[in-house]
Amino acid sequence: MTPPAGSPARTRRGKAGGARPAPSPPIGSVPLAGSTKAHPALGVGLWALGRWSPEDEARTKATIGRAYEIGFRWFDTAEVYGNGRSERLLGEVLRRAAGGASDSFVATKVSWEHLRPAQVRASLISSLERLGRHAVDLYLVHAPDPHVPIDETMATLEGLWKEGKIGAIGVSNFSVEELEAATKGLREARIAVNQVRYNLFDRDEAEPILGYCRDHQILIEAYTPLARGLLHGRHLDGKRIPAEVRRFAHRLFEPDRLPTVLERARELRSLADEAKVPLASIALHWLERQGAAPVIGMSRPEQADSNLAAWAVRPSDRVLDRADAIARGDRA
Ligand SMILES: NC(=O)c1ccc[n+]([C@@H]2O[C@H](COP(=O)([O-])OP(=O)(O)OC[C@H]3O[C@@H](n4cnc5c(N)ncnc54)[C@H](OP(=O)(O)O)[C@@H]3O)[C@@H](O)[C@H]2O)c1
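Starting from 1, residues in each chain are numbered consecutively following that chain's sequence as written. Note on the predicted model: pLDDT of at least 70 is required for a residue's local features to be given, and 80 or more for side-chain atom pairs to be given and counted; whole-chain, interface and lining totals, by contrast, use all residues. The basis for the side-chain values is all heavy atoms of the structure; hydrogens and waters are excluded.

Caption draft 1: The environment of E205, seen in detail. Position of E205 among the secondary structure elements: in the loop between β10 (191-197) and α6 (210-215). Residues E205 and S175, spaced 30 residues apart in sequence, show a C-alpha to C-alpha distance of 7.8 Å. Any two residues having at least one pair of non-hydrogen atoms within 4.5 Å are treated as being in contact. When sequence neighbours within four positions are dropped, the list of residues in contact with E205 reads N173, V196, R197 and Y223. Counting from the N terminus, the helices are the DSSP runs of H or I reaching at least four residues and the strands are the DSSP runs of E reaching at least two.

Here it is as structure tokens:
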């Protein structure tokens, strides 16, 4: 198992005698149709920034800074996260990073409440101001709004794409029917990404769109890839899971499902121990094998190190097959 970047085992002495970090393992990239910029294979999600108190902001900045320092380049935010606070903090940290972080891949989202053409434009302009950038690499429709014709939203996005304010257009939480309707609003541009909830335990949203996305070269970005930390081994000690974690985890933590999910998570942890890999390696590389790019929520600098270390270890296909079966509840 690769020790985390920055840990004593991975630091070496520089010429001046001071310790300097060993190069981090590369994250790699995945194809992004119609874009000249590479889409990193693993990302940092900044949703949680919005829920933190001002005292946590220093830790948040340190997390983004550390993630960038060790090689993360894809940062996922949204205008709705903390009412713009997440975008503002991200912009601040990246501007101060070495070289202005010009090699970062910044994605943000227009809220489902702002999908009328004039609102989309105004939202993007405000996001760019908060981020301190002239353009974003990827702009996603956060979720569909059944009251707004999606083709009008998409036509506006295409206009912004032609102006160079958006590198690629994406959507989030879209079904196949919604993807088809959205595509009708585009002439020259294309939908490059659909970001959906996807992890070993929670496949309901992703499975129905896998074939369509593959056939239309739409990259699936997997959010909640660690099942809110469960697939990193969190919350398996029998203690009460904090309401904060339960509230935003869809149905995994509801009383009718939780005992089964915990039992299977413990089985997965045993599988990881047997295979001598981190549990998170299994969770992340199972998604990678499904053709999805995971975006992980991180709230502490050391989480960036440990998630990158997990990514650096690829479990065998046999282990991933077994994990797939355990998570599905297949006893065979
Ligand atoms: N498009 C959408 O509608 C949508 C919806 C939800 C999320 N997202 C995006 O997806 C991102 C990730 O989703 P998520 O935050 O729901 O779920 P997640 O990535 O499955 O879980 C994130 C949580 O897991 C814990 N964690 C992460 N790394 C860890 C580590 N190395 N060791 C121990 N614990 C670790 C942290 O908990 P603590 O903070 O408690 O330490 C973190 O907040 C979000 O930040 C957001 O960018 C998008």
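Caption draft 2: Local environment of helix α10 (residues 301-311). Each residue is placed in one exposure class: buried if its accessible area under a 1.4 Å probe, protein chains only, is under 20% of its type's maximum, exposed if it is over 50%, and partly exposed if it falls in between. Along α10, eight of the eleven residues are buried, which leaves the element largely enclosed by surrounding structure. Buried within α10 we find Q303, A304, D305, N307, L308, A309, A310 and W311. In this structure, the buried side of α10 is in contact with α1 (57-70), α9 (279-289) and β12 (292-297).

Caption draft 3: Seen up close, the site of the ligand. Surrounding the ligand, one finds 27 residues, the nearest of these being D76, S172, R234, G297 and S299. Distance and chemistry together define a polar contact, namely a pair of N or O atoms within 3.5 Å, with one atom able to donate a hydrogen and the other to accept it when in protein, and with adjacent residues in sequence counting only for side-chain atoms on both sides. A distance of 3.4 Å separates an oxygen atom of the ligand from a polar backbone atom of L46. In this description, accessible areas are obtained by the Shrake-Rupley approach with a 1.4 Å probe, and a residue is regarded as covered only by the protein chains that are shown. Protein contact buries 91% of the 900 Å² of open area that the ligand shows by itself. Contributions of two or more residues to the shell around the ligand are made by β12 and α10. Think of it this way: one heavy atom of a residue within 4 Å of a molecule or strand is enough to make that residue near it.

In short, shape yes, function no, at least from these values alone.
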